[in-house]
Amino acid sequence: MSEYKLQTPLTEKDVLQLRAGDKVLLSGLVYTARDAAHKRMLEALAKGGELPFPVKGSVIYYVGPTPAPLGRPIGSAGPTTSYRMDTYAPTLYKLGLKATIGKGKRSPEVIEALKTYKGVYFGATGGAGALLSQCVKQAKIIAYEDLGPEAVRVLHVQDFPLLVINDAFGGELYAKPQLIL
Amino acid sequence: MRIISENQIIETVAELVQEANINLPEDVKQALVKALEEETNPVGKEILRQLVENYKLAEQTQLPLCQDTGLAIFFVELGQDVFIEGDLVEAINQGVRLGYEAGFLRKSVCDPFTRINTGDNTPAFIHLDLVKGDKLKIKFMAKGGGSENMSRATMLTPAQGWKGIKEFVLKRIAEAGPNPCPPIIVGIGIGGTFDYAPILAKKALFRPLTLEHWDSELAAKEKELLTAINELGIGPMGLGGKITCLGVKIEKSPCHIASLPLAVNIQCHSSRRKEVEI
């Protein structure tokens, strides 16, 4: 297991050095999107429209933060469960998305897309929203403001602690449950 | 006859939802600290260290423990000698509205078809029990979507019995894996009806981790399941390890001679609950 400090946007070289189990401290800009924003982004693409952010080399963080209290850039901001975005993720990886951040298992289709388009899936600690929010230095809504907590935001993060869950070579970190009945 | 005003309820609920979302109950904190001591997988240990740091930081900064500040779930015990001046259900909803706004909590309720957010985290989900006495007890839980999505209910046959119950619970938790944010707490409702078993399962989640079932037979079953779940090796956040589950809580009810209803309500490690009595 290795440890890396990475800066967004991510390159193919960044991604290909990573293996499941590696620790990453991520800095730079990441874009937030969850269920409703993904649906809208994919609908926009289907109509020949554009995504609200430059997708090549970018990182999407599956999060719907709590409102920012006075004097803070963001409220609590931990990851949401990723599988709900599985239906949208392969299209985005195909367009050049390099990483997603969330928690929980991904579908075989997403794992295949990571191999095909050389992407990675990072896990952040679920339920540690207060702690993780300390790594967010700035936050701004850039699209779909009407979606409230589900709006697309650009976050400036510093040393955001991540684990490589699925790498670009089919490797996976999650434990296989030992179910003996 | 005791009179409780609508305003008293609104203020109490507004405070309750904010406190519960920031301060983890003592029993859950202790369980996380103990888990950190006992976990042997270094990655799992690191996760638990973050979770302990997270609850401390939430208290210091008054930030919510988790960004998913949940659906507002209430179990209300209304003494039959209480007269509510005004509308009890509306008062609880108003308390949720005010508390979620004032506490900078996320509004996570939407229409199931349009997915348009109601904007104020209402409606609250209220289970009302009429009890003896002149008190009003309000139990609140902020229930996150990630763990709720991993919960299941089924109708077993009487022949399947405890073995069938155990199999269903273990299969469900194995399949859920990392998704519901382990280490989890498992609420199990056994018996009743198709609709009542899940309510029992949710009710079970209100019992503190330190409190065993009063019925020693059920307490033994809770322990048996806890051991079996931890033997799955899912570990903190699904990364492997000894600590998959912090506690199993069972509630049972008589049921039809033809049925064995079963519900498994999974709760993430951030078990945010609090109760007050007026």
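Criteria and cut-off values
- Residues numbered from 1 in each chain as written.
- Chains lettered and ligands numbered in written order.
- Predicted model: local features only at pLDDT ≥ 70, side-chain atom pairs only at ≥ 80, totals over all residues.
- Heavy atoms only, no water.
- Helix = DSSP H or I, 4+ residues; strand = E, 2+ residues; numbered from the N terminus.
- Rg over C-alpha atoms; globule rule 2.2 N^0.38 Å.
- Buried < 20%, exposed > 50% of the residue type's maximum accessible area, 1.4 Å probe, protein only.
- Contact = heavy atoms within 4.5 Å.
- Areas by Shrake-Rupley, 256 points an atom, 1.4 Å probe, with all protein chains shown as cover.
- Lys, Arg positive; Asp, Glu negative; His and termini not counted.
- Charge placed at Lys NZ, Arg CZ, Asp CG, Glu CD.
- Domains from an automatic or database assignment.
- Buried area = accessible area lost by both parts, 1.4 Å probe.
- Salt bridge = Lys/Arg side-chain N within 4 Å of Asp/Glu carboxyl O.
- Polar contact = N/O pair within 3.5 Å; in protein donor to acceptor, adjacent residues only side chain to side chain.
- Phe/Tyr/Trp six-rings, centres within 6.5 Å; stacked < 30°, edge-to-face > 60°.
- Pairing = 2+ DSSP bridges.
- Axes fitted to C-alpha atoms, helices over the stretch in contact; angles between N-to-C directions.
- Patch = residues over 30% accessible without salt bridge, like charges linked within 9 Å, V, L, I, M, F, W, Y side chains within 5 Å.

Undergrad: Explain the overall build of chain B to me, using residue names and the numbers behind them.
TA: Scanning chain B for helices and strands turns up 8 helices and 10 strands. A globule of 278 residues ought to have a C-alpha radius of gyration of about 19 Å, and chain B, at 19 Å, matches this closely. Principal-axis analysis of the C-alpha atoms places the extent of chain B at approximately 50 × 50 × 40 Å. The burial tally for chain B puts 55% of its 278 residues in the buried class. The contacts of chain B with a sequence gap of at least 6 include a subset with a gap of at least 24, amounting to 82%. Accessible surface computed for chain B: about 11,800 Å², of which carbon and sulfur atoms make up 55%. Taking the average location of the 31 positive side-chain charges in chain B and that of its 36 negative ones, the two points are 5 Å from each other.

Undergrad: How would you summarise the domain arrangement of chain B if you had to cite specific residues and measurements?
TA: All names here are of chain B. Taken domain by domain, chain B comprises domain 1 (2-22 + 65-143) and domain 2 (146-271). Summarising the inter-unit geometry, the C-alpha centres of domain 1 and domain 2 are found 25 Å apart. Taken as a group, F75, M141 and K143 account for 62% of the area that domain 1 buries against domain 2, more than any other trio of residues on that side. Inspection of the domain 1/domain 2 interface yields 2 salt bridges. Taken together, domain 1 and domain 2 are joined by 4 residue pairs in polar contact (both at pLDDT 80 or more).

Undergrad: Help me get a handle on the packing of aromatic side chains, residues and values and all.
TA: Within the structure shown, the criterion is met by 4 aromatic pairs over all chains. The interplanar angle of 10° and the centroid separation of 4.3 Å between the aromatic rings of Y31(A) and F53(A) together place this pair among those described as stacked. Residue Y31(A) is found in strand β2 (residues 23-32), and its partner F53(A) is found in the loop between α2 (35-46) and β3 (59-61); the two are separated by 22 residues along the sequence. No difference in accessibility class separates Y31(A) from F53(A), as the two residues are buried. Centre to centre, the rings of F75(B) and F206(B) are 5.3 Å apart; their planes meet at 70°, and the pair counts as edge-to-face.

Undergrad: Describe the pairing of strand β3 (residues 82-85) of chain B, naming the residues involved and giving the relevant values.
TA: All names here are of chain B. Here β3 shows one buried face, formed by V82 and I84, and one open face, formed by F83 and E85. Pairing geometry for strand β1 (residues 2-5) and β3, over 4 bridges, is parallel. Pairing of S5 across the sheet is with E85, part of β3.

Undergrad: Account for the sheet that holds strand β5 (residues 136-143) of chain B, with residues named and values stated.
TA: All names here are of chain B. Taken in spatial order, the 4 strands of this open sheet run β4-β2-β5-β10, and their pairing is mixed. One side of each edge strand has no neighbouring strand; the edge strands of this open sheet are β4 (125-131) and β10 (273-277). On average, each strand axis in the sheet is inclined to that of its neighbour by 15°, with strand direction left out of account. The strands touched by helix α4 (residues 88-102) are β2 (71-79), β4 and β5; relative to β2, the strand with the most contacts, the crossing angle is about 140°.

Undergrad: I'd like to hear about a nonpolar patch on the surface, residue by residue, with values.
TA: Judged by side-chain polarity, M1(B), I3(B) and F83(B) come together as a nonpolar surface patch covering roughly 380 Å² of accessible area. Residue classification places M1(B) among the exposed positions, given a relative accessible area of 78%.

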